[in-house]
Amino acid sequence: MIAKAKAIAHGSRAIEYAMRESKRGEFVSANLIQNDTHDKIYQEFAEVQKYNSRCRNKFIRIEIGIAPQDEGKLSEQDLKQICREFAKRFGFANYQWIACTHRDTDNLHLHMIVNRISIDNKVYQTDFISKRTGKIAEEISRQMGLTIANEVQRKEKYRPEITSFERVMARTRIEKAAKSVLNSRPATFKNFVEAMQKQGITVTEAKNKKGNTYGLRFTGYGQTFKASQIGKEFGYRTLLNTFAENWQDEFQAQKRNQGINQGTSAIGDILSGIGSIFTPTMERDDYSPSVADEEERKRKLKKKRKYGRQI
């Protein structure tokens, strides 16, 4: 059983909704009420409320959900007892309230509408009422041997994942292939995807509604996995950082073997497969150490002139 509660101002509509015939429910129980139609019940509530003009939300709506596995073993008397127990634990002895069942959804549930103004003109305190409602629902569930919603949620949260043998084997094979490709030090993400494709594994980008990539999906052997399920080193940003390091190492090797001028053209070859992930930092084909030294000298001179007069 699960329950929630809230202080509301629209009492007339709430009472009418709780007693609506289309909800295929029944009038279960009531307290300090003489009538059995929604308009006259509202008039009884209003008669008590007219002595308090300062309170704005003069009604309390409580919704009580019954677990599907408990519905078959609860009689009308049991449902009446649940409502009486809620009223008792909340301290509604001097407050008007009604309770009705609703059966128009997959799960049976109850609605309680409570007059927040008591017959002795006291206003019921609703601080943290939803939290108190959940606690009371758990206590009544234990008392009546019903399903406790919080315990079901905790079991679902900490339940170990049930994985088929085929899925375990597929993940192991994809992980082995991905590590093998990564150890071959591909220079770009495109190279990595192409190498994985040769292994029979598709790597796709997971994108949000704005079209921005936030992760990767690995598909192979009839199974699909998130990158984090394959390994931390295969996260989208982690891979980009790895490719950047590979690119820098490759550039240094090209620079040592061919000299700095030929190294510049090597950068263009390496960057061609990266796309928009990396932006080349050197675009001048006429780069030479002498030109760079001259630009550095001018920059220092300009800086010296700018700050030289300061004391």
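Criteria and thresholds
Residues numbered from 1 in each chain as written. Predicted model: local features only at pLDDT ≥ 70, side-chain atom pairs only at ≥ 80, totals over all residues. Heavy atoms only, no water. Helix = DSSP H or I, 4+ residues; strand = E, 2+ residues; numbered from the N terminus. Buried < 20%, exposed > 50% of the residue type's maximum accessible area, 1.4 Å probe, protein only. Pairing = 2+ DSSP bridges. Axes fitted to C-alpha atoms, helices over the stretch in contact; angles between N-to-C directions. Parallel < 35°, antiparallel > 145°, perpendicular 65-115°, else oblique. Left-handed = near helix turned anticlockwise from the far one by under 90°. Contact = heavy atoms within 4.5 Å. Nonpolar A, V, L, I, M, F, W, Y, C, P; charged D, E, K, R; others polar. Core = buried A, V, L, I, M, F, W, Y, C linked by side-chain atoms within 4.5 Å. Arc of directions from axis to C-beta. Salt bridge = Lys/Arg side-chain N within 4 Å of Asp/Glu carboxyl O.

The next subject is the side chain of His-109. Turning to its location among the elements, His-109 is positioned in strand β5 (residues 109-115). By relative accessible area, His-109 is classed as buried at 16%.

In terms of strand pairing, strand β6 (residues 202-207) meets strand β7 (residues 213-220) through six bridges, oriented antiparallel. Of the residues in β7, the one forming a bridge with Lys-207 is Thr-213. Here β6 folds back onto β7 in antiparallel fashion, the turn holding five residues, of which Gly-211 has a positive phi close to 90°.

It is worth spelling out the packing of helix α4 (residues 76-90) against helix α5 (residues 129-144) at this point. Running from N to C, α4 and α5 cross one another at 130°; their axes reach a closest spacing of 10 Å. Considered as vectors, α4 and α5 are oriented oblique to each other. The way α4 lies across α5 gives a crossing that is right-handed. Residue-level inspection shows Asp-78, Gln-81, Ile-82, Glu-85, Phe-86, Arg-89 and Phe-90 of α4 in contact with α5, the latter providing Ile-129, Arg-132, Thr-133, Ile-136, Ala-137, Glu-139, Ile-140, Gln-143 and Met-144. The class makeup of the residues in the contact of α4 with α5 is eight nonpolar, three polar and five charged.

A separate point is the nonpolar core. One finds Ile-62, Ile-64, Ile-82, Phe-86 and Phe-92 to be the most contacted residues of the largest nonpolar core, which totals 29 residues. When contributions to this core are tallied by element, the ones reaching two or more residues are β1 (2-8), β3 (59-65), α4, β4 (97-102), β5 and α5. When residues of this core are assigned to their parent elements, the largest contribution, six residues, is made by α4. Once you skip the residues sitting within four places of it in the chain, Ile-82 turns out to touch Met-1, Ile-64, Ile-66, Leu-74, Ile-140, Met-144 and Leu-146. Ala-177, Leu-182, Tyr-236 and Phe-243 belong to the second largest nonpolar core, which has 21 residues in total.

Another point: the sheet that holds strand β8 (residues 223-226). Strand pairs in the sheet, formed through backbone hydrogen bonds, run parallel or antiparallel to each other. If you trace the three strands from one edge of the open sheet to the other, you get β6-β7-β8, paired in antiparallel fashion. Since the sheet does not close on itself, it has two edges, and those belong to β6 and β8, each with one partner. Each strand axis lies, on average, 30° off the axis of its neighbour in the sheet, ignoring direction. Sheet topology note: the β7/β8 ladder contains four bridges and is antiparallel. Bridge pairing in β8 links Gly-220 to Gln-223. Relative to the sheet, helix α7 (residues 165-183) contacts β7 and β8, its axis offset from that of β8 by approximately 60°. Along the sheet face, helix α8 (residues 189-198) touches β6 and β7 and points at about 130° away from the line of β6.

Quick look at the sheet that holds β3 now. Strand order across the open sheet formed by five strands is β1-β3-β5-β4-β2, with antiparallel pairing between neighbours. Only two strands of the sheet have a single partner each, and these edge strands are β1 and β2 (27-31). Taking the axes of each pair of neighbouring strands and ignoring which way they run, one obtains an average angle of 15° across the sheet. Packing against the sheet, helix α2 (residues 38-49) makes contact with β2, β3, β4 and β5, and its axis sits at approximately 35° to β5. Docked against the sheet, α4 engages β1, β2, β3, β4 and β5, running at close to 30° with respect to β2.

Next up on the list: α8. Among the residues of α8, Phe-189, Phe-192 and Met-196 are the ones counted as buried. Seen along its axis, α8 keeps its buried residues to an arc of 60°; they face one direction. Immediately beyond the C-terminal end of α8, within one or two residues, lies Gly-200, with a positive phi of roughly 85°.

Our focus in this paragraph is the pattern of salt bridges. Following the criterion strictly, the structure yields eleven salt bridges and no others. Across the pair Arg-89 and Glu-139 runs a salt bridge whose closest N-O atoms are separated by 3.1 Å. Of the two residues, Arg-89 is situated in helix α4 and Glu-139 in helix α5; the sequence distance between them amounts to 50 residues. Exposure remark for Glu-139: the relative accessible area of 32% places this residue in the partly exposed category. Across the pair Lys-179 and Glu-175 runs a salt bridge whose closest N-O atoms are separated by 3.1 Å. Remark: Glu-175 and Lys-179 occur in helix α7; sequence separation between them is four residues, near one turn of the helix.

What follows deals with the packing of helix α1 (residues 11-18) against α2. Contact geometry for α1 and α2: axes closest at 9 Å, N-to-C directions at 140°. Comparing their axes, α2 and α1 come out oblique. The chirality of how α1 crosses α2 is right-handed. The segment α1 lies against α2, with Gly-11, Ser-12, Ile-15 and Glu-16 engaging His-38, Ile-41, Tyr-42 and Phe-45. A per-class count over the contact of α1 with α2 returns four nonpolar, three polar and one charged.

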